[in-house]
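Here are the chains, one letter per residue:
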Amino acid sequence: MQSLAQEIVTILEDKKAENVVCIDVSDREYLVDCVVIATAMVGKHSFALLDYLKTTLKTKGVEFYATDEESEDWIIADLGSVMVHIFTQNHRDKFNLEEFLQTLPKRLV
């Protein structure tokens with residue numbers, strides 16, 4: 001899980017995504033173990049980042065279970081144990097996903 005998340009961070013940074021963070025939520029009540037959040041420079045950059053992720057990771061056997069590409073302002077990719085969110089700056093500020101993830105309750109295990 002962590003190696004996939006780190007690879008995603010590296011790919012996004014190499015393609016000029018800004019403020020890329022990886023948040024471990026494996027101890028929280030959430031759908032995945034890790035969330036990667038990145039900011040695209042503009043909307044079209046969001047689509048380019050997702051396309052490059054798909055191209056690079058699918059050749060390595062990584063499965064994309066679902067993607068939400070309806071808006072260039074917020075793109076989501078579900079890779080099983082890792083969820084990727086690519087925002088434009090305004091949407092990242094508006095939704096403040098990092099703060100939301102910090103408020104999730106701990107898993108009862």
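Up top is the structure these notes are about.
Here is a short report on the structure shown in this document. As the structure is a prediction and not an experimental result, all values here were calculated from the model.

1. Digging into the nonpolar core
So, point 1. I8, L12, V36, L53, L57, V84 and I86 are the most contacted members of the largest nonpolar core, which has 24 residues in total.
So, point 2. At the level of secondary structure, the elements contributing two or more residues to this core comprise α1 (2-14), β2 (34-40), α2 (43-58), β4 (74-78) and β5 (82-88).
So, point 3. Here this core takes six residues from α1, the largest share from any one element.
So, point 4. Beyond its immediate sequence surroundings of up to four residues, I8 is in contact with V36, L53, L57, L79, V82 and V84.
So, point 5. With eleven residues, the next largest nonpolar core counts V25, I37, F87 and L97 among its residues.

2. What to know about the packing of aromatic side chains
So, point 1. Here the structure, examined in full by the defined rule, presents two aromatic pairs.
So, point 2. Each ring, one from W74 and one from F95, has its centre 4.7 Å from the other, and the planes form 40°; the classification is tilted. Of the two residues, W74 is situated in strand β4 and F95 in helix α3 (residues 89-95); the sequence distance between them amounts to 21 residues.
So, point 3. Since its relative accessible area comes to 38%, F95 is described here as partly exposed.
So, point 4. The structure contains a cluster of three or more aromatic residues connected by ring pairs, namely W74, F87 and F95.
So, point 5. The side chain of K15 reaches across the aromatic face of Y52, ending 4.4 Å from its centre.

Rules used throughout
Residues numbered from 1 in each chain as written. Predicted model: local features only at pLDDT ≥ 70, side-chain atom pairs only at ≥ 80, totals over all residues. Heavy atoms only, no water. Core = buried A, V, L, I, M, F, W, Y, C linked by side-chain atoms within 4.5 Å. Buried < 20%, exposed > 50% of the residue type's maximum accessible area, 1.4 Å probe, protein only. Helix = DSSP H or I, 4+ residues; strand = E, 2+ residues; numbered from the N terminus. Contact = heavy atoms within 4.5 Å. Phe/Tyr/Trp six-rings, centres within 6.5 Å; stacked < 30°, edge-to-face > 60°. Lys NZ or Arg CZ within 6 Å of the ring centre and 35° of its normal.

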